[in-house]
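Coordinate inspection notes
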Amino acid sequence: DRLDADVVLERAGGDLRIADESGAAQPLGLTDLRLAFSAHDGVWQFAQGAAGKQLGEMAGSQVMRTAANVRWPPADAPLEGVLEMRVANLGAWGVWVPPGWRLGGSVQVSGELGGRFGAPELRGRLRGSALSARNTLQGVGLSDGELEASLDGAVARVERFEFKGGDGQLRLTGEATLGDHPSARLQLQAERVRVLGRI
């Protein structure tokens, strides 16, 4: 008459590999991986955690509440939870970018889930520091990047997105509305930025 469950999938050892654009298998360098789910008396709980050399660190936890005799949460079931991710070195993700490109810097994402099971809402912030993107062959060299962005439901705001290119600087600000009728209002300012600097 009701669903009552405790399920945990956890890494005891080993690694996972994902194919890159060339088809070669690239290891994730996993050190921790845990997925958990429980349902008792109408309270559904989910938890996730992962860490690895290529991934960085990710963790999340979500809760839904519904009637005890429901086998699957209805669309109007209230949802709440948190999501966190931290990548200390984007250079470790280089195996998934096109050949010749190099990334650098750190990224941190923190968010909160709300709304309903059928229409979740995400609110949070995205921060990046010391960001860089380089391709020596193409002459692209962006450095000292800083990113501050937020997501509030269906509205995403770029508060600060800056890069240095040569002796100049590139800045982007604005906001975008997601959903059924997406739109964006962005302002791009380039001041003596070096777009291509081939040898």
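The structure this text deals with has already been given above.
These numbers were taken from a predicted model, which means no experiment stands behind them. (Residues numbered from 1 in each chain as written. Predicted model: local features only at pLDDT ≥ 70, side-chain atom pairs only at ≥ 80, totals over all residues. Heavy atoms only, no water.)

What follows deals with the overall build of the protein. When you go through the protein residue by residue, the secondary structure sums to 0 helices and 13 strands. Listed N to C, the secondary structure of the protein is β-β-β-β-β-β-β-β-β-β-β-β-β in terms of helices and strands. Along the first, second and third principal axes, the C-alpha set of the protein runs to 70 × 40 × 25 Å. Here the protein holds 199 residues, and the buried ones make up 27% of them. Put simply, 40% of the contacts in the protein that link residues at least 6 apart link residues at least 24 apart. (Helix = DSSP H or I, 4+ residues; strand = E, 2+ residues; numbered from the N terminus. Buried < 20%, exposed > 50% of the residue type's maximum accessible area, 1.4 Å probe, protein only. Contact = heavy atoms within 4.5 Å.)

Moving on to the nonpolar core. Membership of the largest hydrophobic core is limited to 7 residues, which are V87, L90, V107, L131, L147, A149 and F163. If near-sequence neighbours (up to four positions away) are discounted, F163 is found in contact with L131, S132, L142, S143, G145, G168, Q169 and L170. One finds A5, F37, A39 and L79 within the second-largest nonpolar core, a separate group that totals 6 residues. (Core = buried A, V, L, I, M, F, W, Y, C linked by side-chain atoms within 4.5 Å.)

The next thing to look at is the packing of aromatic side chains. Counted by the stated rule, this structure contains 5 aromatic pairs. Between F161 and F163, the aromatic rings sit 5.4 Å apart at their centres with planes inclined by 65°, giving edge-to-face as the arrangement. Feature note: the residues F37, W44, F46, W72 and F117 constitute an aromatic cluster, connected by ring pairs. (Phe/Tyr/Trp six-rings, centres within 6.5 Å; stacked < 30°, edge-to-face > 60°.)

So, on to the pairing of strand β12 (residues 168-177). Pairing of strand β11 (residues 155-165) with β12 involves 9 bridges; the strand directions are antiparallel. Looking at the pairing, E162 lines up with R171 of β12. In this structure, the hairpin formed by β11 and β12 is closed by a connection of 2 residues, where G166 is found at a positive phi of approximately 65°. Where β12 and strand β13 (residues 183-191) come together, 9 bridges link them in antiparallel fashion. Residue G174 lies in a different strand from β13, and its bridge partner there is L186. Taking the residues between adjacent antiparallel strands as the criterion, β12 and β13 are bridged by 5 residues, where G179 takes a positive phi near 110°. (Pairing = 2+ DSSP bridges.)

Turning our eyes to something else, we now look at the side chain of Q169. Looking at the element boundaries, Q169 is found in strand β12. Here R171 takes part through its side chain, which lies 2.6 Å from a polar atom of the side chain of Q169. Not counting residues up to four positions away in its chain, the partners in contact with Q169 are E162, F163, K164, Q189, A190, E191 and V193. (Polar contact = N/O pair within 3.5 Å; in protein donor to acceptor, adjacent residues only side chain to side chain.)

Moving on, we get to unusual backbone geometry. Positioned with a positive phi, D144 is a non-glycine residue whose angle comes to about 50°. Along the polypeptide, D144 turns up in strand β10 (residues 140-152). Its identity as a non-glycine residue notwithstanding, R192 has a phi of 55°, on the positive side. Looking at where R192 falls in the secondary structure, it is placed in the segment after β13. With relative accessibility at 66%, the residue R192 sits in the exposed group.

Inspection of the entire model under this criterion finds 14 salt bridges. Between R171 and E162 there is a salt bridge whose closest N-O contact spans 3.9 Å. Salt bridges sharing common partners tie together R125, R127, E148 and E159. (Salt bridge = Lys/Arg side-chain N within 4 Å of Asp/Glu carboxyl O.)

Without other data, these values stay purely geometric and don't point to any function.
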